[in-house]
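Letter by letter, the chains look like this.
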Number of protein chains: 2
Amino acid sequence: MEHRIERIKKLLHAQSYKLTPQREATVRVLLEREEDHLSAEDVYLLVKEKAPEIGLATVYRTLELLSELKIVDKINFGDGVSRYDLRKEGAAHFHHHLVCMECGTVEEIVEDLLEDVEKIVERDWQFKVKDHRLTFHGICRKCQQKELE
Amino acid sequence: MEHRIERIKKLLHAQSYKLTPQREATVRVLLEREEDHLSAEDVYLLVKEKAPEIGLATVYRTLELLSELKIVDKINFGDGVSRYDLRKEGAAHFHHHLVCMECGTVEEIVEDLLEDVEKIVERDWQFKVKDHRLTFHGICRKCQQKELE
DNA sequence: AAATCAATTGAGAATCATTCACAAATTATA
DNA sequence: TATAATTTGTGAATGATTCTCAATTGATTT
């Protein structure tokens, strides 16, 4: 954990940003809840537990900054909120998501899976791919089992 | 065009919804601007040209309805607006998008491309895929050429 | 065609997420 | 420690979307 904070600190410093206590608290929340897909509001409430004086705008600003530095990815599952997701250590690409239409659970897929597709897109559309967003909507394992009962 | 309106009319009637003049005007705008990715506001302004009395809320309601009936897909490219995109005739799946990070242009890919990936997801994650969203972010052909100049 | 009932509409208010403005506080640096 | 630049908290402002509700429309039955 500390190691990852250090790395993020360096990334910020490289662009002459500071890792203020507020930013650190925000990053810690993201690290602790890495599996989740927190909205800015969610993050705000969790950070408030560590640093009650923090303001919502600061959380937004921090998330925006981390997003620009590609430390987190901003995603949108279609409910009117942006969610923020830490990039995996050293991952070149954004990971994928499985959103269950029944229960709303979001699973992550870290595997790339899109290498071939990207090659086709680059070749046939002459589009230089820098990043991607892939989300599957469907029924998760648990809900499939429930349906059988 | 008339043929597609008829088809949509039937889809609505099948769920006992009416194709009111306002809804028809909205659908016509979507058909005429099929290549674009219009926001609700965009649609509103265009519909207003045909039917000046229409209200913004009605456009939102219509788009929401068409979205539920899977006649249009609601997408979000990360600027705070939802965009609405007509499904291709008879397409089982949503098409993909190429968003240029330079100029913001959005190209469409109608080809499936994800068949193999979906098989893997269904097999390895036991997730029953119903739909997907795939967007590539990168540099379009035109902007690549500009960079060389 | 008139009566009826539910669906739909327009207008504006309300809500919600996000951004902005700005004075005060903090930080790194000289 | 003084200085300058960043960052912060607060509350107000914005912008997209939804809600409320009375009025209108549309289909259906007589």
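Not measured: the values here are computed from a predicted model.

Draft legend 1. Geometry of the domain arrangement of chain A. All names here are of chain A. Here chain A is partitioned into domain 1 (1-88) and domain 2 (91-148). Centre-to-centre, using C-alpha coordinates, domain 1 lies 23 Å away from domain 2. Across the boundary between the two partners, domain 1 contributes 11 residues, which contact 13 residues of domain 2. Taking both partners together, domain 1 and domain 2 bury about 1000 Å²; carbon and sulfur atoms supply 52% of that area. When the buried surface of domain 1 facing domain 2 is broken down by residue, F77, R87 and K88 rank first, second and third, together holding 55% of it. The interface formed by domain 1 and domain 2 includes three salt bridges. Across the pair E108 and K88 runs a salt bridge, and its minimum N-O distance is 2.9 Å. The tally of links from domain 1 across to domain 2 stands at eight residue pairs in polar contact (both at pLDDT 80 or more). Those elements that place two or more of their residues in the side of domain 1 that touches domain 2 are β2 (72-76) and β3 (82-86). Sort the elements by how many residues they give to the side of domain 1 that touches domain 2 and β2 lands first, with three residues. Considering only residue class, the side of domain 1 that touches domain 2 consists of three nonpolar, one polar and seven charged.

Here is what the cut-offs are and how they apply
- Residues numbered from 1 in each chain as written.
- Chains lettered and ligands numbered in written order.
- Predicted model: local features only at pLDDT ≥ 70, side-chain atom pairs only at ≥ 80, totals over all residues.
- Heavy atoms only, no water.
- Domains from an automatic or database assignment.
- Contact = heavy atoms within 4.5 Å.
- Buried area = accessible area lost by both parts, 1.4 Å probe.
- Salt bridge = Lys/Arg side-chain N within 4 Å of Asp/Glu carboxyl O.
- Polar contact = N/O pair within 3.5 Å; in protein donor to acceptor, adjacent residues only side chain to side chain.
- Helix = DSSP H or I, 4+ residues; strand = E, 2+ residues; numbered from the N terminus.
- Nonpolar A, V, L, I, M, F, W, Y, C, P; charged D, E, K, R; others polar.

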